[in-house]
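Coordinate inspection notes
If you want the building blocks of each chain, they are given just below.
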Amino acid sequence: MKETLSHSIVIIGGGDGGISVASRLRRAGEKDVTITEPSGTHAHQLLWAPVRGGAAPLMESRRPEADVMPRGVAWIKSPAADVDPQKRAVIPESGAQMG
């Protein structure tokens, strides 16, 4: 049986969308927000248009994930392997079940 970690809200992915949603939830007063994101580097996608146009270097769009993680949001450094809607649980590759 897998270990169960209880979290009110689990966001799969720490890209621009996941970081934005987590930040908004925290500002709205949510106390227990978690993001599953395996990468240690955040790629700010809004900067990719200037990069493609040659106006900015690619490295300007990269930041350490820890630098963009909203304060108070738990970070599980693992990809989500499965989602169980009936149990309201996310199972990361690291093994522990979050629900």
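Figured I'd write up the structure that's included with this text. On a predicted model such as this, the values are computed, not experimentally measured, just so you know. (Residues numbered from 1 in each chain as written. Predicted model: local features only at pLDDT ≥ 70, side-chain atom pairs only at ≥ 80, totals over all residues. Heavy atoms only, no water.)

Helix and strand content of the chain: 3 helices and 9 strands. Secondary structure elements in the chain, listed N-terminal to C-terminal, are β-β-α-β-β-α-β-α-β-β-β-β. Here the chain holds 99 residues, and the buried ones make up 29% of them. Taking the contacts inside the chain whose residues are at least 6 apart along the sequence as the reference set, 52% of them involve residues at least 24 apart. Roughly 6300 Å² of accessible area belongs to the chain as shown, and the carbon and sulfur atoms make up 53% of that amount. (Helix = DSSP H or I, 4+ residues; strand = E, 2+ residues; numbered from the N terminus. Buried < 20%, exposed > 50% of the residue type's maximum accessible area, 1.4 Å probe, protein only. Contact = heavy atoms within 4.5 Å. Areas by Shrake-Rupley, 256 points an atom, 1.4 Å probe, with all protein chains shown as cover.)

In this section: the environment of Glu-30. Looking at where Glu-30 falls in the secondary structure, it is placed in the loop between helix H1 (16-27) and strand S3 (33-36). For Glu-30, a relative accessible area of 33% corresponds to the partly exposed category. For the pair formed by Glu-30 and Ser-8, sequence separation is 22 residues and the distance between their alpha carbons is 8.7 Å.

The next point concerns the environment of Val-73. Note that Val-73 resides in the loop between helix H3 (65-68) and strand S6 (74-76). Considered as a pair, Val-73 and Arg-26 are 47 residues apart in the sequence and their alpha carbons are 7.7 Å apart. Aside from chain neighbours lying at most four places away, what touches Val-73 is Ala-22, Arg-26, Val-33, Thr-34 and Ile-35.

The biggest cluster of nonpolar side chains holds 7 residues, and these are Ile-11, Ile-19, Ala-22, Val-33, Ile-35, Met-69 and Val-73. Of all elements in the fold, only H1 and S3 reach the threshold of two or more residues within this core. Setting aside residues no more than four positions away along its own chain, Val-33 makes contact with Ile-9, Ile-11, Ala-22, Leu-25, Arg-26, Gly-72, Val-73 and Ala-74. (Core = buried A, V, L, I, M, F, W, Y, C linked by side-chain atoms within 4.5 Å.)

So, about the sheet that holds S6. Taken in spatial order, the 3 strands of this open sheet run S2-S3-S6, and their pairing is parallel. Each edge of the sheet is formed by a strand with only one pairing partner; in this case those strands are strand S2 (9-12) and S6. Taken over all neighbouring pairs, the strand axes of this sheet differ in orientation by 25 degrees on average, direction set aside. Note: S3 against S6, 3 bridges, orientation parallel. Paired with Ile-35 across the two strands is Trp-75, which belongs to S6. Set on the sheet, H1 makes contact with S2 and S3; between it and S3 the angle comes to about 170 degrees. (Pairing = 2+ DSSP bridges. Axes fitted to C-alpha atoms, helices over the stretch in contact; angles between N-to-C directions.)

A word on unusual backbone geometry. Most peptide bonds take the trans configuration, and most residues that are not glycine carry a negative phi. Even without a glycine there, the phi angle at Arg-88 is positive, about 55 degrees. Tracing the backbone through its elements, the reader meets Arg-88 in the loop between strand S7 (80-84) and strand S8 (89-92).

Moving on, we come to the side chain of His-42. Locating His-42 in the fold gives a position in strand S4 (residues 41-43). By relative accessible area, which is 4% here, His-42 ends up buried. For His-42, the side chain forms a polar contact with the main-chain oxygen of Gly-14, separated by 3.1 Å. Polar contacts involving the side chain of His-42 include one to the side chain of Asp-16, which spans 2.8 Å. (Polar contact = N/O pair within 3.5 Å; in protein donor to acceptor, adjacent residues only side chain to side chain.)

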